[in-house]
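Take a look at the letters that make up each chain.
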Amino acid sequence: MPIFLEPRDAIDDLKGFQSVLIVSCPICPPMCVSIQQKKAFLVPLKHGVKTPAFEDYIASIRDALATYKVRTDAFTMRLPVPMMCLWTGRQRARLLKRAREFEAVLVLGCDSATYTAVDALRDTQCKVFQGMQVKSITNATMKYRSPATVTLDWHPLPSRPKIGKFNEPSEETHTPV
Ligand code: SF4
């Protein structure tokens, strides 16, 4: 289920560490950054399955931490399960193996993604931080545009999902920053 997330500034939380691994869920976060920045979701011939705006966002976090001399790297997994909320035991073990080289992990994802990291790293001293904030569930129409670009037309939903009858207007929606 796509979750609408907004970036959260975690630099102050992380600038005191020597090393930080940025772990991202490859589903909702790239979708949300693409929507918020009004940029292409995918440009497959140039960037494969990566969302350029999301990659730039990760790079901006790494640049900000580099000014505090924090060593960083980025990590994600698409196979066998891309949704971080559903990562298998083997995927969690791979995260554990990778994160052992770092003092802290920054999760770009929802609370459930963060729980996956906490679960994987529960027997370590590695500190886990969440770098995005859940705002609501969301919906978008994926469109293919020439030349070879995929965009998302966003449909704001109520910040508090309705129970029962759904198709009524609501004024309480989130606007991309
Ligand atoms: S972990 Fe969260 S952000 Fe990732 S796919 Fe699941 S609901 Fe979306």
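The structure presented is a predicted model; accordingly, all values stated were derived computationally and were not measured.

Novice: Report on the sheet that holds strand 3 (residues 71-75), specifying residues and quantitative values.
Specialist: Sheet architecture is open: four strands sit in the order 3-2-4-5, paired in parallel fashion. Here the strands that pair on one side only, and so sit at the sheet edges, are strand 3 and strand 5 (127-130). The sheet shows a mean angle of 20° between the axes of neighbouring strands, taken without regard to direction. Bridge count for strand 2 (residues 19-24) against strand 4 (residues 104-108) is five bridges, and the pairing is parallel. Looking at the pairing, Ile-22 lines up with Leu-106 of strand 4. Relative to the sheet, helix 4 (residues 52-66) contacts strand 2 and strand 3, its axis offset from that of strand 2 by approximately 170°.

Novice: I'd like a description of the packing of helix 2 (residues 28-36) against helix 4, backed by residues and values.
Specialist: In the contact formed by helix 2 and helix 4, the axes pass within 8 Å of each other and the chain directions differ by 95°. As the angle between them shows, helix 2 and helix 4 are arranged roughly perpendicular. Across from Pro-29, Pro-30, Val-33 and Ser-34 in helix 2, the residues of helix 4 making contact are Ala-53, Phe-54 and Tyr-57. Of the residues contributing to the contact of helix 2 with helix 4, the split by class is six nonpolar, one polar and no charged.

Novice: So what's going on with the packing of helix 5 (residues 89-99) against helix 6 (residues 111-120)? Residues and values would help.
Specialist: Viewed as axis vectors pointing N to C, helix 5 and helix 6 meet at an angle of 70°, and their least axial separation amounts to 9 Å. As far as their axial angle goes, helix 6 and helix 5 are roughly perpendicular. In this structure, the crossing between helix 5 and helix 6 has a hand that is right-handed. The residues of helix 6 that touch helix 5, namely those facing Arg-92, Leu-95 and Leu-96, are Thr-116, Ala-117, Asp-119 and Ala-120. Residues of the contact of helix 5 with helix 6, tallied by class, amount to four nonpolar, one polar and two charged.

Novice: Help me get a handle on helix 4, residues and values and all.
Specialist: With 15 residues, helix 4 ought to run about 21 Å at 1.5 Å a step, and its terminal C-alpha atoms sit 21 Å apart, in line with that. Taken together, the buried positions of helix 4 are Phe-54, Tyr-57, Ile-58, Ile-61 and Leu-65. On an axial view of helix 4, the arc spanned by its buried residues comes to 95°, and they lie on one face. The outward face of helix 4, more than 90 degrees from its buried face, is lined by the exposed residues Asp-56, Ser-60, Asp-63 and Ala-66. Contact partners of the buried residues in helix 4: strand 1 (3-7), helix 1 (11-14), strand 2, helix 2 and strand 3.

Novice: Can you explain the nonpolar core? Please cite residues and give values.
Specialist: Note that soluble globular proteins tend to have their nonpolar side chains buried in a common cluster. Core analysis: the biggest nonpolar cluster contains 46 residues, and Val-20, Val-105 and Leu-106 have the highest contact counts within it. Secondary-structure elements contributing two or more residues to this core are strand 1, strand 2, helix 2, helix 4, helix 5, strand 4, helix 6 and strand 8 (149-155).

Novice: Talk me through helix 2; I want residue IDs and the actual numbers.
Specialist: Helical geometry: 3.6 residues make up each α-helical turn, so side chains three or four residues apart lie on a common side. Across the nine residues that make up helix 2, a large majority, eight, are buried. Burial in helix 2 covers these residues: Cys-28, Pro-29, Pro-30, Met-31, Cys-32, Val-33, Ser-34 and Ile-35. Just beyond helix 2, the residue with positive phi is Lys-38, at close to 55°.

Novice: So what about the site of the ligand? Which residues, and what values?
Specialist: Neighbouring the ligand are 13 residues; Cys-25, Ile-27, Cys-28, Cys-85 and Cys-110 lie closest to it. Breaking the shell around the ligand down by element, the ones donating at least two residues are helix 2 and helix 6. Residue classes in the shell around the ligand are distributed as eleven nonpolar, two polar and no charged.

Novice: Tell me about the pairing of strand 7 (residues 139-145), residues and numbers included.
Specialist: Within strand 7, only zero of the seven residues are buried, leaving the element largely exposed. Across seven bridges, the pairing between strand 7 and strand 8 is antiparallel. Note that in strand 8 the partner of Asn-139 across the bridge is His-155. Counted between consecutive antiparallel strands, the loop separating strand 7 from strand 8 contains three residues, among which Ala-148 sits at a positive phi close to 50°.

Conventions adopted
- Residues numbered from 1 in each chain as written.
- Predicted model: local features only at pLDDT ≥ 70, side-chain atom pairs only at ≥ 80, totals over all residues.
- Pairing = 2+ DSSP bridges.
- Helix = DSSP H or I, 4+ residues; strand = E, 2+ residues; numbered from the N terminus.
- Axes fitted to C-alpha atoms, helices over the stretch in contact; angles between N-to-C directions.
- Contact = placed C-beta atoms within 7 Å.
- Parallel < 35°, antiparallel > 145°, perpendicular 65-115°, else oblique.
- Nonpolar A, V, L, I, M, F, W, Y, C, P; charged D, E, K, R; others polar.
- Left-handed = near helix turned anticlockwise from the far one by under 90°.
- Expected span 1.5 Å × (residues − 1).
- Buried ≥ 20, exposed ≤ 12 C-beta atoms within 10 Å, placed from the backbone.
- Arc of directions from axis to C-beta.
- Core = buried A, V, L, I, M, F, W, Y, C linked by C-beta atoms within 7 Å.
- Near = placed C-beta within 6 Å.

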